[in-house]
Amino acid sequence: MEQISKTEFKAHALEVLREIERSGKSRIITDHGKPTIEIKKLRQRKKSPLETLKGTVLKYDAFDEPVGTDDWHNA
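The rules we used
- Residues numbered from 1 in each chain as written.
- Predicted model: local features only at pLDDT ≥ 70, side-chain atom pairs only at ≥ 80, totals over all residues.
- Heavy atoms only, no water.
- Helix = DSSP H or I, 4+ residues; strand = E, 2+ residues; numbered from the N terminus.
- Buried < 20%, exposed > 50% of the residue type's maximum accessible area, 1.4 Å probe, protein only.
- Contact = heavy atoms within 4.5 Å.
- Areas by Shrake-Rupley, 256 points an atom, 1.4 Å probe, with all protein chains shown as cover.
- Salt bridge = Lys/Arg side-chain N within 4 Å of Asp/Glu carboxyl O.
- Pairing = 2+ DSSP bridges.
- Axes fitted to C-alpha atoms, helices over the stretch in contact; angles between N-to-C directions.

A. Molecular detail of the overall build of the protein. Broken down by element type, the protein carries two helices and three strands. Walking the protein from its N terminus toward its C terminus, one meets helices and strands in the order β-α-β-β-α. Looking at the protein residue by residue over its 75 residues, the buried ones come to 13%. Sequence-distant contacts, at least 24 apart, represent 39% of the contacts inside the protein between residues at least 6 apart. When the accessible surface of the protein is totalled, it reaches about 7,500 Å², and 54% of it is carbon and sulfur.

Following this line, the structure appears as structure tokens:
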């Protein structure tokens, strides 16, 4: 893993970030020679639509009954 000083990173941040995006290799940012920050490409896992909805849909056992007695009025 390559290391780069804060000063050098500040001067070339856009180039460094583009290189990380392109190569996928992470970089260590140092402060006075000590590693302080690691920058790496974010790897997001693609979720299926069913995985996204999991746990968000409610189950009603008595789906054909009113939710509450005051919720339904005869017109």
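B. Just the pattern of salt bridges, in detail. Counted according to the given criterion, the structure contains three salt bridges. Residue Glu 2 is joined to Arg 27 by a salt bridge in which the shortest nitrogen-to-oxygen separation is 3.0 Å. Taken together, the residues Glu 2 in strand E1 (residues 2-5) and Arg 27 in strand E2 (residues 27-31) connect sequence positions 25 residues apart. The exposure class assigned to Arg 27 is buried, which follows from its relative accessible area of 14%. Residue Lys 6 pairs with Asp 31 through a salt bridge whose shortest N-O separation is 3.6 Å. Of this pair, Lys 6 sits in helix H1 (residues 6-23) while Asp 31 sits in strand E2; the two residues are 25 residues apart in sequence, bridging distant segments of the chain. For Lys 6, a relative accessible area of 40% puts it in the partly exposed group. A relative accessible area of 29% means that Asp 31 is categorised as partly exposed.

C. Quick look at the sheet that holds E1. The strand order E1-E2-E3 describes an open sheet built from three strands, whose pairing is mixed. Among the strands making up the open sheet, the edge pair consists of E1 and strand E3 (34-39). Ignoring strand direction, the axes of neighbouring strands in this sheet form an average angle of 35 degrees. As defined by bridge partners, E2 adjoins E3 across five bridges and the pair is classed as antiparallel. Across the sheet, the residue bridging to Thr 30 is Pro 35, located in E3. Contacting E1, E2 and E3, H1 crosses the sheet at an angle of about 140 degrees to E1.

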